[in-house]
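# Fold and geometry: a report
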Amino acid sequence: MTELISRLEPDSRAASRGFSDLSIRNLFIIPTIAFLIIFNVFPLLYSLWTSFTDFRASTTAPANWIGLANYRELLSDPFIWRNFTITAKYVLISVTGQVVVGFGLAMLLNRKIPLKGLITTLLLLPMMLSMAVVGLFWKLLYDPSFGIINYFLGLGKFEWLADPDVALYAVALVDIWMWSPFVMLLSLAGLSAVPKHLYEAAEIDRAGPFYTFFRITLPLVAPILMIAIIFRTMEAFKTFDHAYILSSQPTTELIAIRLYKMAFLEWQTGLSSALAYIVLIMVVAITNIYVKYLNKAKAR
Amino acid sequence: MRRYISRLFAGAAALALCVPAASAQELTIFWAEWDPANYLQELVNEYEAETGVVVTVETTPWQDFQTKAFTEFNARGSAYDMIVGDSQWLGAASEGGHYVDLTEFFKKHDLGNVMAPATVKYYAEYPGNSGKFWAIPAEGDAVGWSYRKDWFEDPAEMKAFEAKYGYPLDVPKTWQQLIDIAEFFHRPDENRYGVAIYTDNSYDGLVMGVENALFSYGADLGNYETYEVEGILNSEQAVAALEAYRQLYEYTPPGWSKTFFVENNQAITEGLAAMSMNYFAFFPALVNPASNPHADATGFFANPAGPDGDQFAALGGQGISIVSYSNNIDESYKFLEWFIQDDVQKRWADLGGYTAHAATLESEEFRNATPYNEAFYQTMFKVKDFWAVPEYAELLTAANRRLYPYVVGGEGTAKEALDALAADWVETFKKYGRTE
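Note that the structure is a prediction, hence the values are computed from the model and not measured.

What follows is about the packing of aromatic side chains. Residue and element names in this part refer to chain B. Applying the stated criterion across every chain yields a total of 73 aromatic pairs over all chains. Look at Y165 and F184: their rings are 6.3 Å apart centre to centre, the planes differ by 80 degrees, and that puts the pair in the edge-to-face class. You can see Y165 sitting in helix α9 (residues 155-165) and its partner F184 sitting in helix α10 (residues 175-185), a full 19 residues away along the chain. For the pair shown, Y165 and F184 are each scored as buried.

Structure, rendered in structure tokens:
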């Protein structure tokens, strides 16, 4: 391949300066690989090693190898399991909400409506905002004294973020608001790719809207919808910013918040590295399950 | 081209030679972003005028203060020459080798007597009673209370209060009176509430708030020398104190589940609450009519006594330490020698800083300088602090985890919460080899 390109462009400026295609390729690839090793691979391996030690970054004490003790401590800690349970609940509420709202919006926008472009752009706005800003913004909206949500719903001084039973739903609602447009965007791409003749055939066969949706629309959009679900599940599992800003209820302490506190407030570096790996393994496992279903959906 | 390159090298070499000389004339002090840091910048400008050494007070928001400071420490970074660090950092920062040992400096200048005793104990010494010092008390602070004088002095309110509780409405002298007054003024229908307290469980907000009740009820967090916790943290007095704090939460404005110093000042400036807990360092905003429309009607009082007459308050404030990775340690020592002088400490107080200098604190001039200085003066001689051990953050996490659901969520009982917390802390001290 290199020879072919050299033959095609014998007078290229690079060649005239003595740069071979191989050296140009290396010029781009070597810094990239070096960057990846320094900023991705090394921290990954270093944190893996740290997870088997009692290392605390806040002290000068050397890191001692303690084997699986950190993993044992975490997996036997009922508070960590509670954090995982809260996170699982949050992911379920949030992703389900985003799929329902996002796909619903896509169905609405997949028809001829006036100002469709403008409406689509406006609907995409939430996901363009910073998550920290969104957290502060919704904190004001939820405020029991002057928040607009209670005003419109006539809920008086209802405390969305102080009620331990409601706070997690309130936080998940913000995530749904912010990321439903992402699901909508991917769903729209999927819906527009459904061949029109299938609907025409269904119409000729007098198929009802229920049948059309479940036998034509959903199966054909399913692969792309599954991709949206994979992305959103991974992101929801890692949620930190707006949840941290919005509520400090024990019922809203997601695993990412616990991880942050353990690593940067308590400086339990070894223990928090182990927790980060447990989270990583869980996310990879869940993603693999999804990918398996994605492949099945594609095969159909 | 060659001449250009030669000049470039010559310039770079000259610059490299200049750098050490220039850096010795510059010092950086790291602190959190709040008014006292601005006052300190004003003060150090005077040091620059006297010595030619430029001192910059670099600040960061309170939320990032600990993370940023320790990230720099862990990297052994020399970005900061001195730091005005929180009192509970003393253990972690000294055992971690991040602070310069100031014991000799302390003895040489007799700071144990020059500074107020409580400030020396909590801002400078670690371990407790060890005679080793890591900081110079810089910004004294503690938790006090502000209140609506006009509400308290309203004849109709006074009459109604006395009729209901059997004693005159006045600044609360005890925690029971504090609770009574909070209950009396709690009128959600009038958008008027009894009291504003700390509830934020992200760091030390809620714990500091609870400490005010705990210490004054005669309880303690444990024995700071033996690390004994059981029977002290969960004593009968502690249970009663936590119940009192939970009762106060019932009289807070709506949405008071994650509140700290900002919200508690707002409770007064927005006319929401009759009384509000806060650090004295945040009170200047309450006497300023530009930031508080009720400035003329705002009064202040020290944390009231508990049922047995004990009267303590949770310590805030910070000491100033030299960072061991600084390239300007000698210059930092010179600055500290200047900072501890009597006239500089007086000037520090004049600018608005809360000096820990005993003579300045005790002077009539200081006590009458603001409407809250007298309460501050009274408080600084009866303060207690949280654990300063390196694992303090883990102790804080456990405290937040156990206290918050009871105080804010009303889950379980005070006894259950404190028993569980005592067990957690015992476990933590065992883990770090402090107890067997």
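This brings us to the environment of Y198 of chain B. Residue and element names in this part refer to chain B. Along the chain, the position of Y198 falls in the loop between β6 (193-196) and α11 (205-216). A relative accessible area of 0% means that Y198 is categorised as buried. Along the backbone, Y198 and M208 are 10 residues apart, and their C-alpha atoms lie at a distance of 7.6 Å. There is a polar contact of 2.7 Å between the side chain of Y198 and the side chain of N278.

The next subject is the interface of chain B and chain A. On the chain A side, the residues contacting the 34 residues of chain B number 29 residues. Regarding the contact of chain B and chain A, the summed buried area is about 2,500 Å², with carbon and sulfur atoms giving 47% of it. Its largest share of buried area at the contact with chain A, chain B owes to P254, K258 and R401 of chain B, together 22% of the area lost on that side. Linking chain B with chain A are two salt bridges, by the criterion used here. Between K431 of chain B and E73 of chain A there is a salt bridge, with its nearest N and O atoms 3.6 Å apart. Remark: the boundary between chain B and chain A carries nine residue pairs in polar contact (both at pLDDT 80 or more). The element best represented in the side of chain B that touches chain A is helix α19 (residues 392-407) of chain B, accounting for seven residues. A breakdown of the residues in the side of chain B that touches chain A according to their chemical character gives 12 nonpolar, 12 polar and 10 charged.

Through backbone hydrogen bonds, the strands of a sheet pair up, either in parallel or in antiparallel fashion. Residues and elements named next belong to chain B. Spatial ordering of the open sheet is given by β2-β1-β3-β10-β4, a layout of five strands whose pairing is mixed. Each edge of the open sheet carries a strand with a single partner, namely β2 (54-60) and β4 (136-139). Between one strand axis and the next, the sheet turns through 30 degrees on average, direction left out of account. The pairing of strand β1 (residues 26-32) with β2 spans seven bridges and is parallel. Bridging from a neighbouring strand, L27 pairs with V55 of β2. On the sheet, helix α2 (residues 35-51) packs against β1, β2, β3 (82-86) and β4 and is oriented at approximately 170 degrees with respect to β2. Running over the sheet, helix α14 (residues 329-339) touches β1, β2, β3, β4 and β10 (318-322) and is turned about 145 degrees from β10.

Attention now moves to the sheet that holds strand β5 (residues 143-148) of chain B. All names here are of chain B. Across the sheet, four strands lie side by side as β6-β7-β5-β8; this open sheet has mixed pairing. A single partner strand is all that each edge strand has here, and the edge strands are β6 and β8 (298-301). Each strand of the sheet is rotated relative to its neighbour by a mean of 20 degrees, with strand direction disregarded. Taken together, the three bridges between β6 and strand β7 (residues 273-279) define a ladder with parallel strand orientation. Counted as the bridge partner of A196 is S276 from β7. In the packing of helix α13 (residues 261-269) onto the sheet, the strands contacted are β5, β6, β7 and β8, and the crossing angle to β7 comes to about 150 degrees.

Right, let's talk about the pattern of salt bridges for a bit. This model, assessed by the stated rule, comprises 24 salt bridges over all chains. Between R246 of chain B and E250 of chain B there is a salt bridge, with its nearest N and O atoms 2.6 Å apart. For E250 of chain B, a relative accessible area of 43% translates into the label partly exposed. Within this structure, R56 and E73 of chain A together with E394 and K431 of chain B form a network of salt bridges that share partners.

For chain B, the mean per-residue pLDDT works out to 92, and 94% of the residues sit at or above 70. With pLDDT under 50 throughout, residues 14-23 of chain B is counted as low confidence; its partners more than four residues away or in other chains account for one contact.

Here we come to the nonpolar core. In terms of nonpolar packing, the biggest core is built from 161 residues, with M275, F335 and W425 of chain B touching the most fellow members. If you tally residues by element for this core, the top one is α19 of chain B, at 10 residues. Each residue touching F335 of chain B, except ones within four places of it in the same chain, is listed here: L27, I29, V44, Y47, V55, M82 and I320 of chain B. The next biggest cluster of nonpolar side chains, apart from the first, holds 55 residues, and it includes F103, M184, L188 and L275 of chain A.

One turn of an α-helix holds 3.6 residues; hence residues three or four places apart share an orientation. When we look at burial in α13 of chain B, the residues that qualify are F261, N264, N265, A267, I268 and T269 of chain B. Its buried side turned inward, α13 of chain B meets α3 (62-74), β5, β6, β7 and β8 of chain B.

Describing two packed helices takes the angle between their axes plus the distance from one axis to the other. Residue and element names in this part refer to chain A. Between helix α13 (residues 255-265) and helix α14 (residues 269-299), whose axes approach to 9 Å, the crossing angle comes to 160 degrees. Viewed along their axes, α13 and α14 adopt a mutual orientation that is roughly antiparallel. Pair α13 / α14 crosses with left-handed handedness. Across from I255, L259, M262 and A263 in α13, the residues of α14 making contact are L271, S272, L275, A276 and V279. Here the residues of the contact of α13 with α14 are counted per class, giving eight nonpolar, one polar and no charged.

Conventions and cut-offs
Residues numbered from 1 in each chain as written. Chains lettered and ligands numbered in written order. Predicted model: local features only at pLDDT ≥ 70, side-chain atom pairs only at ≥ 80, totals over all residues. Heavy atoms only, no water. Phe/Tyr/Trp six-rings, centres within 6.5 Å; stacked < 30°, edge-to-face > 60°. Helix = DSSP H or I, 4+ residues; strand = E, 2+ residues; numbered from the N terminus. Buried < 20%, exposed > 50% of the residue type's maximum accessible area, 1.4 Å probe, protein only. Polar contact = N/O pair within 3.5 Å; in protein donor to acceptor, adjacent residues only side chain to side chain. Contact = heavy atoms within 4.5 Å. Buried area = accessible area lost by both parts, 1.4 Å probe. Salt bridge = Lys/Arg side-chain N within 4 Å of Asp/Glu carboxyl O. Nonpolar A, V, L, I, M, F, W, Y, C, P; charged D, E, K, R; others polar. Pairing = 2+ DSSP bridges. Axes fitted to C-alpha atoms, helices over the stretch in contact; angles between N-to-C directions. pLDDT = per-residue confidence, 0-100. Core = buried A, V, L, I, M, F, W, Y, C linked by side-chain atoms within 4.5 Å. Parallel < 35°, antiparallel > 145°, perpendicular 65-115°, else oblique. Left-handed = near helix turned anticlockwise from the far one by under 90°.

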